[in-house]
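One letter stands for each residue in the lines below.
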Amino acid sequence: MPVTFTFGEMLSARSVIGSTLAELGDEHENLWVLTPDIGATLVEFRDKFPERFLDVGLAEQACVGIAAGLAYDGNIPVVSGMLPFLSMRALEQVRSDVCYPNLPVKIIGTHGGLVGNGGSTHYAVEDLALMCALTNMTVNSIGDPLMVGEIIRQSMTMQGPIYIRLAVGKKDRVLYEPGHHDVRIGKGIVAREGTDATIFTHGTVVAQALDAAEELAKDGHSVRVVDMFTLKPIDDDLISRCSVETNGRFVVVEDHLAYGGLASRVADVVADRNIHLTAFERLGIPQVYAGFGDDEELRNKHGYGLEATIAATRRAIATQS
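Caption draft 1: Region of the structure containing the sheet that holds strand β5 (residues 106-110). The strand order across the open sheet built from seven strands is β3-β2-β4-β5-β7-β6-β12, with neighbouring strands paired in mixed fashion. Of all strands in the sheet, those bounded by a partner on one side alone are β3 (53-55) and β12 (230-232). For this sheet the average axis-to-axis angle between neighbouring strands, irrespective of direction, equals 20 degrees.

Caption draft 2: The pairing of strand β10 (residues 197-201), seen in detail. The element β10 is largely enclosed, with a buried count of five among its five residues. Sheet topology note: the β10/strand β11 (residues 223-227) ladder contains five bridges and is parallel. Within the sheet, the bridge partner assigned to T198 lies in β11 and is R224. What joins β10 to β11 is helix α8 (residues 206-217), and the crossover it makes is right-handed.

Caption draft 3: Expanded view of the nonpolar core. If you look at the biggest cluster of nonpolar residues, it comprises 56 residues, and the most contacted ones within it are I17, L21, L31, L114 and I152. For this core, the element with the highest residue contribution is α8, accounting for seven residues. Not counting residues up to four positions away in its chain, the partners in contact with L21 are L31, V33, L42, F45, V78 and I152. Counting 43 residues, the second-largest nonpolar core is a separate cluster that includes V98, C99, A263 and V270.

Caption draft 4: Examining helix α3 (residues 60-72) more closely. Between its terminal C-alpha atoms α3 stretches 19 Å, which fits the 18 Å expected from 13 residues at 1.5 Å a residue. For α3, the set of buried residues is E60, C63, V64, A67, A68, L70 and A71. Considered in projection along α3, the buried side chains sweep an arc of 160 degrees and stay on one side of the axis. Check the buried side of α3 and you find it contacts β2 (31-35), β4 (76-82), α4 (83-88) and α5 (91-99). Of the residues one or two after α3, G74 is the one with positive phi, at around 95 degrees.

Caption draft 5: Spotlight on the sheet that holds strand β9 (residues 189-192). The sheet built from five strands is open, its strands ordered β9-β11-β10-β13-β14 with mixed pairing. Looking along the sheet, the strands with just one partner apiece sit at the ends: β9 and β14 (279-285). Neighbour to neighbour, the strand axes of the sheet diverge by 25 degrees on average, direction disregarded. Where β10 and strand β13 (residues 249-257) come together, four bridges link them in parallel fashion. In the strand pairing of β13, T201 is matched with V253. Running over the sheet, α8 touches β9, β10, β11 and β13 and is turned about 170 degrees from β11. Helix α12 (residues 306-318) rests against β10, β11, β13 and β14 of the sheet, and its axis sits at about 165 degrees to β14.

Caption draft 6: Representation of the packing of α3 against α5 in the model. The geometry of α3 relative to α5 is characterised by a closest axis approach of 9 Å and an angle of 5 degrees between their N-to-C directions. Of the possible angle classes, the one that applies to α3 and α5 is roughly parallel. Between α3 and α5, the residues in contact are Q61, V64, G65 and A68 and Q93, V94, D97 and V98, respectively. Looking at side-chain class alone, the contact of α3 with α5 contains four nonpolar, three polar and one charged residues.

Parameters and conventions
- Residues numbered from 1 in each chain as written.
- Predicted model: local features only at pLDDT ≥ 70, side-chain atom pairs only at ≥ 80, totals over all residues.
- Heavy atoms only, no water.
- Pairing = 2+ DSSP bridges.
- Helix = DSSP H or I, 4+ residues; strand = E, 2+ residues; numbered from the N terminus.
- Axes fitted to C-alpha atoms, helices over the stretch in contact; angles between N-to-C directions.
- Buried < 20%, exposed > 50% of the residue type's maximum accessible area, 1.4 Å probe, protein only.
- Right-handed = clockwise from strand over helix to strand, strands pointing away.
- Core = buried A, V, L, I, M, F, W, Y, C linked by side-chain atoms within 4.5 Å.
- Contact = heavy atoms within 4.5 Å.
- Expected span 1.5 Å × (residues − 1).
- Arc of directions from axis to C-beta.
- Parallel < 35°, antiparallel > 145°, perpendicular 65-115°, else oblique.
- Nonpolar A, V, L, I, M, F, W, Y, C, P; charged D, E, K, R; others polar.

In short, geometric facts, not functional conclusions.
Written as structure tokens, this is what we have:
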């Protein structure tokens, strides 16, 4: 089986954001970049285009509101900050000022999931459920740092808003060989082929799912891994195809509340399309405030780490059709 991903190479998603926006600033004279006091990765754009850079300080609501005003005036605003606050503190502004008029505001941020060891106030674990609920919002969760630049480029021509979720973004594993996958907003990526079961995942735990599939291969199991980096609009055709090609055995693993995120989105497609499944395993954060710890420690503690992923996939494979 050909391996279509690269382990070991590390890259900062934040640096990709900075360099991509600086590059796009030349192509789009109406591109503005705004931040609520989280601008360290935006230095390249700030220094190159100071007249189109705005740091509003710790005021996420104001940041989103200003971005909406700039969009009304024909500009392309990018808001970059920490997602726990952009998704919740500024939720009303995102909903009413951006989504209601369907403005092309790009919200890009870090600290999606249990990353950063900042405690429950600094974890974005409800964010995907909130953003998927908003009319007109496109929702992405990206694990491969090289993909970030491509998604930002594609978003420049979008008419409506987009939410782009990253983990800490300082040291991320490169998952894919450049050019090996068709990266398009709204389409999932088959990161690894397989026929016994499908693991659907997104964001920082895509690498974990690939590790789980590799371990299971040692026992002769063929496990497909789907990076469903766009949760809305979701790739329902790919979900349908996986149900047929992997014996109706689904495992969903995500660094988000177990209900309201990708697992719920996949379950909706299964119900709406009347898809018959043999097994459905859902791994994510239970209804608890997760506490302190590094990301791997917290994933293990709350039942969606590497060993839990392997065990859930074994159970799914063992289920008889």
